[in-house]
Amino acid sequence: MSPKNEKDIDDPQKVKLGRPSNAEIMPDAGKIHLDPAQPWGRGLMKDVRSTLFTHFKEEMTNFNQRTVAVSLLMFITVIAPTLTFGAIYGSSTEFHIGAVETIIATAWTGVFSSLFSGMPMCIVGSTGPVLIMTSVIYDLSKDIGVPFPQFYAWVSVCWMFVYTTVTAFFDLTRYVKLATRFTDDIFALLIVSIFILNAVGSPFRPVGLLRYFDPAKIVHVELKEEVGAPEEYSYVKTALLSILIGFAMTGTIFAVRSLKTCPFLCSQKVRDSFHDFAVTIAVIVWSSVKHLGFPSIETEQLKVPDAFEPTTYACCTANCTTYWPDDCPDATAPFGTRSWFAKMLDLDGHENAIFIAAGPAILSFLLFYLDNGITWHLIYSPQNNLKHGDSYNWDLFLNGLCNLINGILGLPWLVASTVPCMVHINKLAEKDMDGKVLNVQETRLTYLFSHLLVGLSLLFLPAMKQIPMPVLLGVFLFMGLSSLGGIDFWKRVLMFFQQPSLYAKTPATKYMKASRIHMYTVMQIIFFCGVFVVQNIKAIAIAFPFMTLMCIPGRLWLLPKFFEGWELMLLDGEAEEIEEWIEKKERAVNDLHMDEEDGI
């Protein structure tokens, strides 16, 4: 049946004769329905009973060979962005937070969440939006003259934890389920864009491979001092080698992963092993190329202390509000490093900072609410065929508790990390030839084992310092690029440049006009650009969680003014709803053709 004939049912003349239009096939198509409220802790307890108390034993005992393979893969998937984010945190916060803090936070929060969360398929980690929010809080602390560790702790303890607890207690997490793929895809593409920009070279921050061509980049000053003979140091050579390693690293990962479907090597098991360990192989290869092939050219290395201690600069005095040697050049040696615990009452006379912290805490909470909620929504969507249920309230409360502790210790905040979550569920899923998920091994063990390995990596800090930063930036670029293909928004952007007859076969392209699909994509681009611009303009970056939140009412109330319900359903509805509509549509089309053949 041709697409033209399938759309004949919307012919005005045939509608007039009593045939149902697309809108009449399912009058409620495209409408978002909210679950009944369960306030006063009822939703919280329901989450615990239906997930943790019901499935814990099964999820902790379903050990098999796949558990080992996925645990090792998730360790690589988690440790690479953990180290890279640690380095970027260092440059964004002047090393108040660095690689060691990021590893500790990821390890302990991951282990804790694997044992007590209700949704163990969702992996916590550092994310670009949280990194940006932390950078904004750091800049704000400097502007008001309050030490960052203390201000950061007050944001975490006195305010943000209260917000997350109240939200979970009154079942306000149910509102995040109003998000559809319209909002999900905008947020997913935002995160992927952060991965790619921070790897290639951000026009907004001094990070990325192309930024090595900036002679004023601070790393060149540091490397010049390490060389000992400044006149022999060439920032151009460093930049060229860094770019070569970074992009070659990304290309190598893709090439090794492609071996899974090639006819070479002795067996499918070997090809699968190369695919699973592609990132590890590439890290070893290009770290070796740097140290063995180009030992005389300096490149930026991961900034990791020689010992298990805070990454921050050494302190001039006991209160650690000034840093050696920048703030005390006359001192021959530092007093020591900062305490692991923030001295929350030492606010340099700015006690009003306790109340000022409530402002950025609201925006940080909105970010936690959306970053967690949208990722949970993506992973626990019906199309992934998960059977153990979700627990938005309980997991938000746990996330707030973990980040309260991280704030006191000066560790980075962690939330559900979209890309590792997608990798996790895909590797534990059984799929048919069309890519449809048949079943998923829902286990806590892969989450637990992978984050125990992250914690054990602290025993090898000196070895980790040998990893060149361009290698990690190459991993970052790979994770961003490899995630683009799973975002429907990105696929529809590419449709602007494709031949219409070669569009991918989807329900939307089959039943909708291309102009309508493009119109929807343009509106999604407008919302994305609004969030992206606000996020990257320093003066207003603190408001970007609010901008992301606005995507939900935009979809609920603005888009229905431009699109019919059935069109919105085909573009961002759930798979079951789309299948039901298609079945009714085809039945109506067949009835129409039968009537025409009978001469009606």
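Owing to the predicted nature of the structure, the values given are computational and were not obtained by experimental measurement. (Residues numbered from 1 in each chain as written. Predicted model: local features only at pLDDT ≥ 70, side-chain atom pairs only at ≥ 80, totals over all residues. Heavy atoms only, no water.)

Digging into the overall build of the protein chain
Helix and strand counts for the protein chain stand at 27 helices and four strands. Here the protein chain displays about 26200 Å² of accessible surface, and carbon together with sulfur accounts for 65% of that area. (Helix = DSSP H or I, 4+ residues; strand = E, 2+ residues; numbered from the N terminus. Areas by Shrake-Rupley, 256 points an atom, 1.4 Å probe, with all protein chains shown as cover.)

Details of the confidence of the model for the protein chain
Across the protein chain, the average pLDDT comes to 84, with 89% of residues at 70 or higher. In the model, residues 1-6 has pLDDT below 50 throughout and makes eleven contacts with residues more than four positions away in sequence or in other chains. Counting interchain partners and residues more than four positions distant, the pLDDT-below-50 stretch residues 13-17 has seven contacts. (pLDDT = per-residue confidence, 0-100. Contact = heavy atoms within 4.5 Å.)

Examining the packing of aromatic side chains
Two aromatic rings, taken as a pair, are described by how far apart their centres are and by the angle between their planes. Per the counting criterion, the structure on display carries 28 aromatic pairs. One aromatic cluster is present, built from ring pairs that chain together Y138, F148, Y152, F368 and W413. Positioned above the aromatic ring of Y175, the side-chain terminus of R174 is 4.7 Å from the ring centre. The ring of Y212 is capped by K217, whose NZ or CZ atom sits 5.3 Å from the centre of that ring. (Phe/Tyr/Trp six-rings, centres within 6.5 Å; stacked < 30°, edge-to-face > 60°. Lys NZ or Arg CZ within 6 Å of the ring centre and 35° of its normal.)

Some remarks on the packing of helix 8 (residues 148-169) against helix 16 (residues 392-409)
Where helix 8 contacts helix 16, the axes come no closer than 8 Å and their chain directions differ by 170°. Considered as vectors, helix 8 and helix 16 are oriented roughly antiparallel to each other. Contacts between helix 8 and helix 16 pair Y152, A153, S156, V157, F161, T164, T165, T167 and A168 from the former with N393, L396, F397, G400, L401, N403, L404, N406, G407 and I408 from the latter. Counted by class, the contact of helix 8 with helix 16 contains ten nonpolar, nine polar and no charged residues. (Axes fitted to C-alpha atoms, helices over the stretch in contact; angles between N-to-C directions. Parallel < 35°, antiparallel > 145°, perpendicular 65-115°, else oblique. Nonpolar A, V, L, I, M, F, W, Y, C, P; charged D, E, K, R; others polar.)

Looking at the side chain of T106
Topologically, T106 is positioned in helix 6 (residues 99-116). Engagement of the side chain of T106 in a polar contact is seen with the backbone oxygen of T102, the distance being 2.7 Å. What T106 contacts, discounting residues up to four positions off in sequence, is V78, T82, L414, H451 and V454. (Polar contact = N/O pair within 3.5 Å; in protein donor to acceptor, adjacent residues only side chain to side chain.)

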